[in-house]
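Coordinates in review
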Amino acid sequence: MKIAFAAILILICHVSVGQVRAFNKRAKELIETKDSIQDIEEEAPSSEYYAFLSEGSDALNALFMSETKSMARSKPDELTKSQTLMSLAELATDAWKGTQYADRKKWKALSKHFHRAFNRSTSKFNYTKEISFRVKLVNNHGKKFYCDKKPGICEFNLYAGKKPTGLTKEEKENLPDPTPLDYFTEQQLVDQFWRQMRRNKIIKDLKRGRYACVGVNVEVDERTLNRKRIPTARVVIIFGARRLREIRIKKTEMKSTT
């Protein structure tokens, strides 16, 4: 038993090391690629339900990006979208799919690989900060729910209440249709996003205008689908402060302390 456990542990460590190496290599390539900067378009969240399985993640990306810009000062730099940081955020959600997005200690252990990649490159970003979290995509209103693939009433197969069991065929036929859980609205998802940004203590830096660029990636976690758990999306946000801008900030801080 101990030998089998040790073998599994060695295998997991080997896979993990391979993931890190692949991430570091790809991250360095992305950072060295010429960056493309774009304005962030304003997207107002609606009160409509967000059907994530049919809508995908693109609209959430746009909403969260717009919300991030609304938190930031327009001076000394107006926050813009960096293709390099967008690609790195996407790389992160592709490379790691576990509990890191809700566990700060685990994410901190992974974020060092971002810094290592930036330090080994000629990137124009002197300082970066990476945060991660999850947002819930379906609302159970704090009540019991169950998973059942048979009714086919909703695409995520989650229903309010307790799953009926031990019924006769006739009793099953007379049962009313189960009540699907609600999607969150766009506004509710943006509210979740805002709370997570506050929890990660990033809003103060945004209001101070510390960052010039940002990259966001939202990825629906398929491992949370079709089971008795609330479906979630993994979110990675990478902020970048320009090298020269950071130098000017440091000079200003030094003068103010003299």
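Structure's up top.
Everything numeric here is computed off the predicted structure, so don't read it as measured data. Residue indices begin from 1 for each chain and proceed along its sequence in written order. In view of the model being predicted, local features appear only for residues whose pLDDT reaches at least 70, and side-chain atom pairs are presented and counted only at 80 or more, with totals across whole chains, interfaces and linings using the full set of residues. Only heavy atoms go into the side-chain values, all of them from the structure, while hydrogens and water stay out.

As for the overall build of the protein chain
For clarity, the threshold we go by: Counting from the N terminus, the helices are DSSP H or I runs at least four residues long and the strands are E runs at least two residues long. Note on exposure labels: buried denotes an accessible area under 20% of the residue type's maximum, exposed denotes more than 50%, and partly exposed covers the range between, all computed with a 1.4 Å probe on protein chains only. Contact definition: two residues touch when any of their heavy atoms are within 4.5 Å. Accessibility throughout is a Shrake-Rupley quantity obtained with a 1.4 Å probe, and a residue counts as covered only by protein chains that appear here.
A count of helices and strands for the protein chain gives 9 helices and 9 strands. Across the 258 residues of the protein chain, 44% fall into the buried class. Relative to all contacts within the protein chain whose residues are 6 or more apart in sequence, the contacts with residues 24 or more apart total 76%. Per element, the accessible surface of the protein chain, about 15,700 Å² overall, is 51% carbon and sulfur.

Digging into the layout of surface pockets
Defined as follows: As defined here, a cavity is a set of points on a 1 Å grid over the protein atoms alone where a 1.4 Å probe fits but cannot get out. A pocket is an open set with protein on both sides within 12 Å along at least five of seven lines, and residues line them when an atom is within 4 Å of a point. Grid points are joined across faces, edges and corners, and a volume is the space filled by probe spheres set on the points. Residue polarity follows a fixed list, in which Ala, Val, Leu, Ile, Met, Phe, Trp, Tyr, Cys and Pro are nonpolar, Asp, Glu, Lys and Arg are charged, and the others, Gly among them, are polar.
Of the volumes computed, that of the largest pocket is approximately 450 Å³. Lining of the largest pocket is provided by 15 residues; of these, D148, P151, P164, K172 and L175 occupy positions nearest its centre. Roughly 310 Å³ of volume is contained in the second largest pocket. If you list the elements that add at least two residues to the lining of the second largest pocket, you get α5 (104-119) and β3 (125-136). Here the lining of the second largest pocket is built from residues that sort into 4 nonpolar, 6 polar and 6 charged.

Comments concerning the pairing of strand β8 (residues 213-220)
Operational definition: The pairing criterion is simple: DSSP has to find at least two bridges between the two strands.
Burial of β8 is extensive: 7 of the 8 residues sit out of reach of the surface. Here 2 bridges tie strand β2 (residues 80-82) to β8, and the two strands are oriented parallel to one another. In the strand pairing of β8, T80 is matched with C213.

A look at the packing of aromatic side chains
Test applied: Each Phe, Tyr or Trp ring, with Trp reduced to its six-membered ring, pairs with another whose centre is within 6.5 Å; inter-plane angles below 30 degrees give stacked pairs, above 60 give edge-to-face pairs, and intermediate values give tilted ones. Here, a charge over a ring is recorded when the distance from Lys NZ or Arg CZ to the ring centre is within 6 Å and its angle to the ring normal is within 35 degrees.
Taken as a whole, this structure holds 8 aromatic pairs when the rule is applied. Consider the rings of F64 and F193, whose centres lie 4.4 Å apart with planes at 15°: the pair is stacked. Taken together, the residues F64 in helix α3 (residues 58-71) and F193 in helix α7 (residues 186-199) connect sequence positions 129 residues apart. Judged by its relative accessible area of 0%, F64 is buried. Overall, F193 belongs to the buried group, its relative accessible area being 0%. By the ring-pair criterion, three or more aromatic residues cluster together here, those being F52, F156 and Y183. The positively charged end of R210 is found above the aromatic ring belonging to Y127, 4.4 Å away from the centroid.

Some remarks on the environment of R116
As for its placement among the helices and strands, R116 is situated in helix α5. Judged by its relative accessible area of 34%, R116 falls in the partly exposed class. As for R116 and A27, which are separated by 89 residues in sequence, their C-alpha atoms are 9.6 Å apart.

Some points on the environment of E155
With respect to the helices and strands, the residue E155 is situated in the loop between β5 (145-147) and β6 (158-160). Along the chain, E155 and N226 lie 71 residues apart, while their C-alpha atoms are 8.9 Å from each other. Apart from the residues lying within four places of it in its own chain, the contact partners of E155 are A51, L53, S54, Y183 and N226.

Details of the side chain of T128
Mapped onto the secondary structure, T128 falls in strand β3. Not counting the four nearest positions on each side in its chain, T128 is found in contact with H115, F118, F239 and G240.

Here's the deal with the state of the cysteines
Which entries qualify depends on this criterion: Two cysteine sulfur atoms form a disulfide, by the criterion used here, when they sit within 2.5 Å.
Taken as a whole and assessed by the stated rule, the structure comprises 0 disulfides. With no disulfide of its own, C147 has C154 as its nearest cysteine by sulfur position, at a separation of 8.8 Å.

Description of unusual backbone geometry
Across the junction of K75 and P76, the peptide omega takes the value 0°, indicating a cis bond. Of note, P76 is situated in the loop between α3 and β2. The residue H141 is not glycine, and still its phi comes out positive at about 55°. As for its position among the elements, H141 is in the loop between β4 (138-139) and β5. With phi around 60°, N226 is a residue other than glycine that occupies positive phi space. Mapped onto the fold, N226 is located in the loop between β8 and β9 (232-242).

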